[in-house]
Amino acid sequence: MIRTLLAASLLASASPVLAAAPAPMKEAAAAIVDAKAGELANMIDQVFSFAEPGFQEVRTSAYLTGILEKNGFKVTRGVAGIPTAFTATWGEGGPMIALGSDIDGLLGLSQTPGVPGAKPLVAGAPGHGEGHNSGMPMMIVAAIAAKQVMEKNGIKGRIMLWPGVAEELVATKAYFVRAGMFKDVDANLFAHVGDGLETTWGPLSYTASLSVEYTFKGLTAHAAGNPWDGKSALDAVELMNDGWNMKREHLPTSQRSHYVITAGGNQPNIVPDRASVWYYFRDTSLPAVKAMYDAGNRIAEGAAMMTETTVTRRVLGHAATNYGNRPIAEAAFENMKAVGLPKWSEADQNFARAVLKGFGRKDKPLASDGPHLWSPERPNPEGGGGSDDIGDIMWTVPTITIVYPSNIPSISYHNIMAATAMATPIAHKGAVAGAKVAAMTVLDMMTTPELVAGAKRWQQEVQFKTERYQPLLGPDDQPAIHLNADVMAKLRPQMEKYYFDPKKYKSYLEQLGIDYEKAGSKNSLP
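Here the structure is a predicted model, which is why all the values come from computation and not from measurement.

A. Spotlight on the overall build of the protein. A tally of helices and strands in the protein yields 16 helices and 14 strands. Relative to its length of 526 residues, the protein is compact, with a C-alpha radius of gyration of 24 Å against a globular reference of 24 Å. In terms of its C-alpha atoms, the protein occupies a principal-axis envelope of roughly 85 × 55 × 40 Å. Residues classed as buried in the protein amount to 59% of the 526 residues present. Intrachain contacts of the protein at a sequence separation of at least 6 include 81% that bridge at least 24 residues. Carbon and sulfur atoms form 53% of the exposed surface of the protein, whose accessible area is close to 21100 Å².

B. Structural detail: the packing of helix 3 (residues 37-50) against helix 4 (residues 58-70). Axis separation between helix 3 and helix 4 bottoms out at 9 Å; the angle between their running directions is 160 degrees. Between helix 3 and helix 4, the crossing angle belongs to the class labelled roughly antiparallel. Two packed elements cross with a definite hand, and for helix 3 against helix 4 that hand is right-handed. On helix 4, the residues touching N42, M43, Q46, V47 and F50 of helix 3 are R59, T60, Y63, L64 and I67. Residue composition of the contact of helix 3 with helix 4, by class: 6 nonpolar, 3 polar and 1 charged.

C. Spatial organisation of the sheet that holds strand 9 (residues 256-263). Ordered in space as 9-10-8-11, the 4 strands form an open sheet in which the pairing is antiparallel. Here the strands that pair on one side only, and so sit at the sheet edges, are strand 9 and strand 11 (310-319). Direction aside, neighbouring strands of the sheet carry axes that sit 20 degrees apart on average. Examined bridge by bridge, strand 8 (residues 208-217) and strand 11 share 9 bridges and lie antiparallel to one another. Each bridged residue has a counterpart across the sheet, and for V212 the counterpart in strand 11 is V315. Contacts from helix 7 (residues 233-247) reach strand 8, strand 9 and strand 10 (274-283), with the element oriented near 20 degrees to strand 10. Packed onto the sheet, helix 8 (residues 286-307) meets strand 8, strand 9, strand 10 and strand 11 and runs at close to 10 degrees relative to strand 8.

D. Here's a closer look at the nonpolar core. Core analysis: the biggest nonpolar cluster contains 165 residues, and I159, L161, W162, F182, Y214, F216 and I408 have the highest contact counts within it. Top contributing element to this core by residue count: helix 12 (residues 425-447), with 14 residues. Counting residues in each nonpolar core, the second largest holds 8 residues, with A51, A125, L491 and M495 among its members.

E. Quick peek at unusual backbone geometry. Between G370 and P371 the backbone carries a cis peptide bond, its omega angle lying at 10 degrees. Residue placement: P371 occurs in the loop between helix 10 (346-358) and strand 13 (372-374). One non-glycine residue, F55, adopts positive backbone phi at about 75 degrees. Phi angles above zero are rare outside glycine, and H414 is one such case at about 60 degrees. Structurally, H414 can be placed in the loop between strand 14 (399-405) and helix 12.

About the thresholds
- Residues numbered from 1 in each chain as written.
- Predicted model: local features only at pLDDT ≥ 70, side-chain atom pairs only at ≥ 80, totals over all residues.
- Heavy atoms only, no water.
- Helix = DSSP H or I, 4+ residues; strand = E, 2+ residues; numbered from the N terminus.
- Rg over C-alpha atoms; globule rule 2.2 N^0.38 Å.
- Buried < 20%, exposed > 50% of the residue type's maximum accessible area, 1.4 Å probe, protein only.
- Contact = heavy atoms within 4.5 Å.
- Areas by Shrake-Rupley, 256 points an atom, 1.4 Å probe, with all protein chains shown as cover.
- Axes fitted to C-alpha atoms, helices over the stretch in contact; angles between N-to-C directions.
- Parallel < 35°, antiparallel > 145°, perpendicular 65-115°, else oblique.
- Left-handed = near helix turned anticlockwise from the far one by under 90°.
- Nonpolar A, V, L, I, M, F, W, Y, C, P; charged D, E, K, R; others polar.
- Pairing = 2+ DSSP bridges.
- Core = buried A, V, L, I, M, F, W, Y, C linked by side-chain atoms within 4.5 Å.

Read these as spatial facts, not as claims about activity.
Right, here's the structure in full:
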């Protein structure tokens with residue numbers, strides 16, 4: 001079946017940038033992915049069980065790099081000064097094609113998979129409430145499949161795998177770029193979990209973002225006995241927040257900004273001598289975010305002056321706007337049409353339906369339409385205003401994002417409902433489809449020099465006409481690798497009890513004693 005679809009899609013493609021690898025090579029890559037579907041499922045379940053948040057992906061990174069080394073990739077750990085970041089490379093000559101996806105979880109979103117309602121594995125622990133446990137395993141299998149086909153056919157070329165560390169904090173990819181991780185890369189494929197099979201060329205709806213923590217320092221005093229001797233850092237934080245909230249009225253409607261107070265004192269009867277507030281500044285371009293940042297800095301200085309405190313700031317994260325490369329997106333879309341959507345079982349559909357019902361969401365079946373190629377002429381109707389630091393790489397090397405159907409439609413991400421399916425057959429089947437697309441697209445670029453050249457030319461002549469990459473990182477800014485360390489020091493011992501053991505169990509659901517076939521029944525809610 002895949003041979004017929006591949007032949008039809010290739011004949012229908014008249015554009016030279018859509019010239020493709022020979023169909024037998026793609027069929028071979030797809031067959032390798034199918035043969036490794038069990039291994040892929042185990043990887044997805046294993047990373048789900050680790051559930052590590054940004055900068056603390058210690059077990060995840062060690063596990064994935066171990067698999068890559070066993071499969072002939074040369075691994076370099078701790079790249080860009082980030083302990084859990086790595087690159088894994090293979091091959092010689094030809095183009096260098098990179099494949100990446102995120103690996104971090106989210107704080108407080110621990111959830112038992114295969115249960116269509118709220119049931120944390122460890123109360124208060126992190127969890128994969130977005131589905132980042134699936135992308136890097138998917139890309140590893142795709143890379144292995146492409147590598148084996150290249151070896152068999154004597155194809156020159158290089159593959160580089162890399163993980164998105166702390167993406168939920170938009171905290172590392174700008175540092176990857178600054179460290180030169182992509183200086184030898186010709187094109188990059190990125191993958192992100194979703195509920196469909198799709199990609200996009202042109203500007204995406206994601207905003208540029210800067211994450212900054214402001215810390216005020218003052219002087220303690222007895223809050224009742226001699227408050228006049230104190231200089232309240234918390235007052236400064238509150239004044240900054242008041243000032244920023246006044247500023248919002250005079251900002252473009254395209255902006256988004258939000259903050260949390262990360263430190264506010266120790267007890268009420270001591271004037272706080274230290275207080276911090278963490279801001280996200282977002283807008284539709286980096287220059288607009290820079291203007292917000294400059295305004296935030298002025299307001300912070302004003303708050304410090306009013307309270308006779310001092311203020312310092314630290315950049316914790318950075319994300320440029322997202323922009324997909326047209327030639328690569330069109331090539332990937334042809335492969336998506338050839339691969340098609342997964343064949344969902346009755347149990348898959350029943351479970352998805354039960355999750356939506358259990359969380360009070362509108363009923364919607366698993367992906368049945370598509371794949372989709374979104375563009376300025378046909379924009380994604382479900383685009384949002386969030387941020388993704390893949391944008392920093394998109395402005396460095398021709399890049400697309402492959403969205404693959406490993407999660408349930410109509411759910412809310414950054415929520416436990418987004419974790420319910422991420423160690424189930426839904427996640428596994430969606431990743432198999434995505435791995436085939438990624439492997440085939442790698443082979444397209446390895447065997448078709450005009451595709452890579454066209455991608456670079458399109459970036460220079462079209463993308464760079466709209467904007468130039470000017471990151472807002474200062475020369476002294478460094479990755480915030482301290483984040484989440486205290487959380488994991490406290491919770492990891494409890495979480496370790498729930499790590500997946502693939503030597504004893506066929507799946508994580510089996511280890512947890514969950515009957516997936518019955519999970520979607522009306523009596524399955526906890």
